[in-house]
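Breakdown of the fold
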Amino acid sequence: MSDNLLEIINDDSEELFGQPYWLDTTQTSLTQGVRNLLAEEKLKPSIYDIPMPYLSVSQINTYMACSKQFEARYVLGVEQPPINVSMLQGKTIHKVLEYFYNKKINKELSPSIDEVLDTYKTVFKSETDFEFTRKEWETDQFINTQGEVFLKSWYKDKLPKINPIAVELVFVIPIAGIPVVGIIDLIDRVNNFNPNIKNNLNFHPTNDILVDNKILAKKMSQTEADNSLQMTLYSIPTGIVQQRYDIFIKGNPASILNAGSRAKGPRLEEIITYRNR
């Protein structure tokens, strides 16, 4: 599989790419949505032997990092360990941002910072119903405080500037005979070009920006962003040239645990990258 994937990444032939389909995962699961397209013969089955009806960026990255781990998880179905606090917090913040970006798309009144923080606490509490692992110092209070720092920065510096036209957009596209799926966190419009974009998904290559939200221990390098397989794949069905990572950097735990610490604390940064057609 590795050689085939490298050929796909390095080949810019338009014939490699089939028609993209956009899935409504509020009504059905991603896997079922792909199966429905296969049953309706809108999508052809993979010409390669893969364990699921599709490939995703996480599957590809897992395989490229360790084929044995890919086999254990996706072929043998070995039960995965519980998520950690970073993954839990990432899921929580993704849901909070999705909620308020949808409100902005629907032209609702801007939320107060208290509403944002209350929503974060409510979503976090619902996520902790599932099993997860944590370090001794990762108390609920610590996690909530860290989340508040992230969201206060996002509320002040990001939310007023962002013009969302689509959130948590799920696609499947045939690439070299393999259905490939992805979930785009946000499409940000830099001006009012074609205001009906939300209804027809006719994205504009230079007036829209693909945005991915991440929680990381340190800032992503420009080289990492430029070489990101995720952004490369996500630009294919949309045709969007510019991508942006909105990165919530965790910082040193001491900056949260100890008042007045000089350690660099949680912060929100961004990095821009581009893809061409």
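If you're wondering where the values come from, they're calculated on a predicted model, not measured in any experiment.

**A closer look at the pattern of salt bridges**
Think of it this way: side chains of opposite charge can pair up when their charged atoms draw near. Applying the stated criterion across every chain, the model contains 16 salt bridges. A salt bridge links glutamate 270 to lysine 158, with the nearest nitrogen and oxygen atoms 2.3 Å apart. Note that glutamate 270 is positioned in strand S9 (residues 267–274) and lysine 158 in the loop between helix H7 (140–157) and strand S5 (164–175), a separation of 112 residues in sequence. Notably, a salt bridge pairs lysine 214 with aspartate 212, separated by 3.3 Å at the nearest N-O pair.

**Points about unusual backbone geometry**
The phi angle at glutamate 41 is positive, at roughly 60°, despite the residue not being glycine. By the secondary structure assignment, glutamate 41 is in the loop between helix H2 (30–39) and strand S2 (55–56). Residue classification places glutamate 41 among the exposed positions, given a relative accessible area of 71%. One non-glycine residue, glutamate 168, adopts positive backbone phi at about 50°. Inspection of the secondary structure assignment puts glutamate 168 in strand S5.

**A few points about the pairing of strand S6 (residues 178–189)**
With 11 of 12 residues buried, S6 is to be regarded as a mostly interior element. In this sheet, S6 lies alongside S2 in parallel orientation, the contact comprising two bridges. Residue pairing in the sheet places leucine 55 in a bridge with valine 180 of S6. Examined bridge by bridge, S5 and S6 share 10 bridges and lie antiparallel to one another. Bridge pairing links valine 167 to leucine 186 in S6. Where S5 folds back onto S6 in an antiparallel hairpin, the turn is made up of two residues, including alanine 176, whose phi is positive at roughly 55°. In this structure, S6 lies alongside strand S7 (residues 208–216), joined through four bridges in antiparallel fashion. If you follow leucine 186 over to S7, its bridge partner there is valine 211.

**Concerning the side chain of glutamine 230**
Along the polypeptide, glutamine 230 turns up in helix H10 (residues 229–238). Those residues in contact with glutamine 230 that lie beyond four places of it in its chain are Val57, Asp212, Lys214 and Tyr245.

**A few points about H10**
With nine of 10 residues buried, H10 lies mostly within the body of the structure. All buried positions along H10 are accounted for by Leu229, Gln230, Met231, Leu233, Tyr234, Ser235, Ile236, Pro237 and Thr238. Measuring from the side-chain oxygen of the N-cap residue of H10 to the backbone nitrogen of glutamine 230 gives 3.3 Å; that N-cap residue is serine 228. With its phi angle positive at about 75°, glycine 239 sits one or two positions after the end of H10.

**A look at the nonpolar core**
In this structure, Ile93, Val96, Leu97, Tyr101, Leu151, Trp154 and Phe248 are the most contacted members of the largest nonpolar core, which totals 28 residues. In this structure, leucine 151 is in contact with Val96, Leu97, Ile113, Val116, Leu117 and Tyr120, ignoring residues within four places of it in sequence. If you look at the next biggest cluster of nonpolar residues, it comprises 23 residues, including Leu16, Leu55, Ile175 and Val180.

About the cut-offs
- The residue count restarts for each chain, going from 1 along the sequence in the order it is written.
- Note on the predicted model: pLDDT of at least 70 is required for a residue's local features to be given, and 80 or more for side-chain atom pairs to be given and counted; whole-chain, interface and lining totals, by contrast, use all residues.
- To obtain the side-chain values, all non-hydrogen atoms of the structure were included, while hydrogens and water were left out.
- Definition used for salt bridges: Asp or Glu carboxyl oxygen within 4 Å of a side-chain nitrogen of Lys or Arg.
- Secondary structure is summarised from DSSP: a helix means a run of H or I of at least four residues, a strand means a run of E of at least two, and numbering begins at the N terminus for each.
- A simple rule labels every residue: compare its accessible area, found with a 1.4 Å probe on the protein chains alone, to the largest value its type can have, and call it buried under 20%, exposed over 50%, or partly exposed in between.
- By the convention used here, strands pair only if DSSP detects at least 2 bridges between them.
- When checking whether two residues touch, look at their non-hydrogen atoms; a contact exists if any pair is within 4.5 Å.
- Throughout this description, a polar contact denotes any pair of N or O atoms lying within 3.5 Å of each other; where both atoms belong to protein, one of them has to be capable of donating a hydrogen while the other can accept it, and for residues adjacent in sequence the pair is counted only when both atoms sit in side chains.
- Among buried residues, those of type Ala, Val, Leu, Ile, Met, Phe, Trp, Tyr and Cys that are joined through side-chain atoms within 4.5 Å constitute a nonpolar core.

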